[in-house]
Amino acid sequence: MVLISCKNCHKMYEKENYDEFVCTRCKHKVKRRISYSLQTSIALTICAILLYIPAMIYPMMEVTKLGVNVESTILEGVISFLEYKSYFIAFVVFAASVVIPIIKLAGLLFIFISLKINIKMQNKTKVVVFKFIEAIGKWSMIDIYVVAILASVIQLDEIFNIKGGIAATSFALMVVLTMIAAHRFDTRIIWDE
């Protein structure tokens, strides 16, 4: 007999042999553990951290206005919105592009490291932090959507043109890698301690 927990609601089952079954409490599919879940998630998170650096340093957008090419990073864009007194947009861009990714990366790294090193923290708290990171993860893509929409809508050749910069690719990859790292992580590892 082996004890198995549902990844969604954490109800415990006693099973001998199983590949997959449906939880009686939440109707979630209960599967075998993902092989090398923690190692894969750590590797993806480290890659995402490395991609975050060029996403902040290099230009996010390249705007061509009347033949003049202007490049701007995420922080330069936030400063521009503040100069035009668009405080709400500046706050949204800063939160979605700088604060949320840092919280996600730091939170994921903290949870993964806390499983390798013995950090005094309740397992329930680790799960809550992980669920919070999963919930805010999608909001980081706002910046990429804005660049993609502007680039696809505004194309007037040399008069006015917008295209994504190197940072847009790095940022999009960073967000996708953190979402895959969170999805690939098996939260049952937290309770193994």
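These notes cover the structure that comes with them. (Residues numbered from 1 in each chain as written. Predicted model: local features only at pLDDT ≥ 70, side-chain atom pairs only at ≥ 80, totals over all residues. Heavy atoms only, no water.)

### A few points about the environment of I190
- Inspection of the secondary structure puts I190 in the segment after α6 (166–184).
- Linking I190 and K126, residues 64 residues apart in sequence, is a C-alpha distance of 7.5 Å.
- Excluding its chain neighbours within four sequence positions, the residues that come into contact with I190 are I111, L115, N123, K126, V127 and F185. (Helix = DSSP H or I, 4+ residues; strand = E, 2+ residues; numbered from the N terminus. Contact = heavy atoms within 4.5 Å.)

### Looking at helix α2 (residues 74–83)
- Looking only at α2, the buried set comprises I74, G77 and V78. Along the long axis of α2, the arc covered by the buried residues comes to 100°, so they all point the same way.
- Phi turns positive one or two residues past the end of α2, at K85, with a value near 60°. (Buried < 20%, exposed > 50% of the residue type's maximum accessible area, 1.4 Å probe, protein only. Arc of directions from axis to C-beta.)

### Some points on the packing of aromatic side chains
- A complete count under the given rule lists three aromatic pairs for this structure.
- One aromatic cluster is present, formed by F112, F130 and F185 through successive ring pairs. (Phe/Tyr/Trp six-rings, centres within 6.5 Å; stacked < 30°, edge-to-face > 60°.)

### A look at the pairing of strand β1 (residues 2–5)
- With four bridges connecting them, β1 and strand β2 (residues 12–15) associate as antiparallel partners. Note that in β2 the partner of I4 across the bridge is Y13. (Pairing = 2+ DSSP bridges.)

### Describing the environment of R32
- The topology assignment puts R32 in the loop between β4 (29–31) and α1 (37–57).
- As a C-alpha pair, R32 and F21 span 11 residues in sequence and 9.7 Å in three-dimensional space.

### So, the packing of α2 against helix α3 (residues 87–116)
- Running from N to C, α2 and α3 point in directions that differ by 165°, and their axes come no closer than 8 Å. Classed by the angle they form, the pair α2 and α3 counts as roughly antiparallel. The two elements α2 and α3 cross, and the hand of that crossing is left-handed. Each of I74, L75, V78, F81 and L82 in α2 lies in contact with α3, whose residues at this interface are Y87, I89, A90, V93, F94, S97 and V98.
- Of the residues contributing to the contact of α2 with α3, the split by class is 11 nonpolar, one polar and no charged. (Axes fitted to C-alpha atoms, helices over the stretch in contact; angles between N-to-C directions. Parallel < 35°, antiparallel > 145°, perpendicular 65-115°, else oblique. Left-handed = near helix turned anticlockwise from the far one by under 90°. Nonpolar A, V, L, I, M, F, W, Y, C, P; charged D, E, K, R; others polar.)

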